[in-house]
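# Structural description and commentary
Read off the chains here:
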Amino acid sequence: MSSRDLKAPFPWFGGKSRVADVVWRAFGASVPNYVEPFCGSAAVLLRRPGGPGKIETINDLDCDVANFWRATSRDPEAVARACDWPVNEADLHAMGNKMLAGLEEHRARMHGDPEYFDSERAGWWCWGQCTAIGGNWMTASGSKALPRLCGWVTGNGVHASLPALGHSGRGIHSPERSELVEWFDALRSRLRRVRVACGDWSRVLSGAVTGSSNSLKNMGMSPCAVFLDPEYGSDHKASYAEGSQTVHAEARDWAAEHGNDPHFRIALCGYEGEHELPDGWTCHAWKATGGHGNRNASNKNPHRERIWFSPHCLPIHEQRSLFEVQP
Ligand SMILES: C[S@@+](CC[C@H](N)C(=O)[O-])C[C@H]1O[C@@H](n2cnc3c(N)ncnc32)[C@H](O)[C@@H]1O
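Heads up: these notes are all about the structure in this document. Everything quoted here is computed from the prediction, not taken from an experiment.

### Topic: the pattern of salt bridges
By the definition in use, this model includes nine salt bridges. Measuring nitrogen to oxygen at the nearest pair gives 3.0 Å for the salt bridge that ties K16 to D229. One end of the pair, K16, is in the segment before α1 (20-27); the other, D229, is in the loop between β4 (224-228) and α11 (247-258), and 213 residues separate them in sequence. Here K16 and D229 have matching classes, each one buried.

Below, the structure is given as structure tokens:
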């Protein structure tokens, strides 16, 4: 599997694979330090042209997302084995209940021990993500979600744990077992040196990680590219197990504050009109596809996707080599 084909084995609401090439034009594929504080399916990292950079850090507050990436980078075979399971609604509910019961302990261990991961849980989580309708199936496993079966039709922000029968070939349900193992092994190779953090986004934007305040800068680890893809203001609680209504505004404030520093190349995602950024930033319009909500003709959100690029990003429309030499 070539690095250009590599993708997460589960669908993720708000995934950015369609626009990843544009982001890498703005960052430059050889940028030495890359930080993705809201990684979800890590679509941008996985589509980096030319393979890994020198330092790469991904993070997500959702302890099942972070566990998936940690476990896949350490024990891909066990994760592949655990998620190779037929579509079955009873299993979906039973696994969801079992995982919810263990969630607090799992979260505490994920936050408390950088070496901790649970491969079986990672595989089950991935299986559920590919089997249930909607965004994050773990938010669906609570009883409150069950009445929301209207999502079977529109799927917009749905959390009902109903197997997505229209998508029986989705994610891990499409390949044969051997292909599945190969897929997870390719992910392990790609993730070998990627640092996976689990916590609030701001923790991976400290000077120690970005290199803005330590010797990394003098060791040639500048510039640092930061891909900020917080849940959008209007998507709050639509599809993620973790998050808050203010995170998009906090991320924007961080971006605006650091945009003029030549050490940073920053990309910030949001809907049209969601962010106002200082002079020197540019805005790129793109169209999302996929997702149950996007199949609803009255849903205009796919057309409202924007990415704001900071002043020290590279021009995205100029023809240049993706492997340009750093100045
Ligand atoms: C729009 S999604 C990111 C999608 C990702 N770029 C992709 O391509 O799959 C936003 C992510 O932010 C995570 N998140 C929400 N609040 C967070 C926080 N305070 N810190 C870190 N991650 C957070 C969610 O779990 C979710 O995975």
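On we go from here.
### Let's talk about the packing of helix α4 (residues 76-83) against helix α7 (residues 119-131)
Two elements in contact, α4 and α7, have axes separated by 7 Å at closest approach and are oriented at 45 degrees. The orientation of α4 relative to α7 falls into the category oblique. As for the relative orientation of α4 and α7, their crossing is right-handed in sense. Contacts between α4 and α7 involve A78, V79, A82 and C83 on the former and, on the latter, S119, E120, A122, G123, W124, C126 and W127. Here the contact of α4 with α7 is composed, by residue class, of eight nonpolar, two polar and one charged.

### A look at the nonpolar core
Counting 66 residues, the largest nonpolar core has F10, F27, F68, W69 and W125 as its most contacted members. Mapped onto the domain boundaries, this core takes at least three residues apiece from domain 1 (1-61 + 199-327) and domain 2 (63-192). Excluding residues that lie within four positions of it along the chain, F68 makes contacts with P9, F10, V79, A122, W125, C126 and F184. Listed in part, the 20 residues of the second largest apolar core include A197, I266, L268 and W281.

### Remarks on the environment of A42
Mapped onto the elements of the fold, A42 is located in the loop between β1 (33-36) and α2 (43-46). Between the C-alpha atoms of A42 and W69, which are 27 residues apart in sequence, the distance is 9.0 Å. Leave out the neighbours within four places in its chain, and A42 touches E36 and W69.

### Section: the site of the ligand
Around the ligand, a shell composed of 26 residues is seen, among which K16, S41, D60, D200 and D229 lie nearest. At 2.8 Å, a side-chain N or O of D200 approaches a nitrogen atom of the ligand. Out of a free accessible area of 610 Å², the ligand has 98% covered by protein chains. Considering only residue class, the shell around the ligand consists of 12 nonpolar, seven polar and seven charged.

Basis of the calculations
Residues numbered from 1 in each chain as written. Predicted model: local features only at pLDDT ≥ 70, side-chain atom pairs only at ≥ 80, totals over all residues. Heavy atoms only, no water. Salt bridge = Lys/Arg side-chain N within 4 Å of Asp/Glu carboxyl O. Helix = DSSP H or I, 4+ residues; strand = E, 2+ residues; numbered from the N terminus. Buried < 20%, exposed > 50% of the residue type's maximum accessible area, 1.4 Å probe, protein only. Axes fitted to C-alpha atoms, helices over the stretch in contact; angles between N-to-C directions. Parallel < 35°, antiparallel > 145°, perpendicular 65-115°, else oblique. Left-handed = near helix turned anticlockwise from the far one by under 90°. Contact = heavy atoms within 4.5 Å. Nonpolar A, V, L, I, M, F, W, Y, C, P; charged D, E, K, R; others polar. Core = buried A, V, L, I, M, F, W, Y, C linked by side-chain atoms within 4.5 Å. Domains from an automatic or database assignment. Near = heavy atom within 4 Å. Polar contact = N/O pair within 3.5 Å; in protein donor to acceptor, adjacent residues only side chain to side chain. Areas by Shrake-Rupley, 256 points an atom, 1.4 Å probe, with all protein chains shown as cover.

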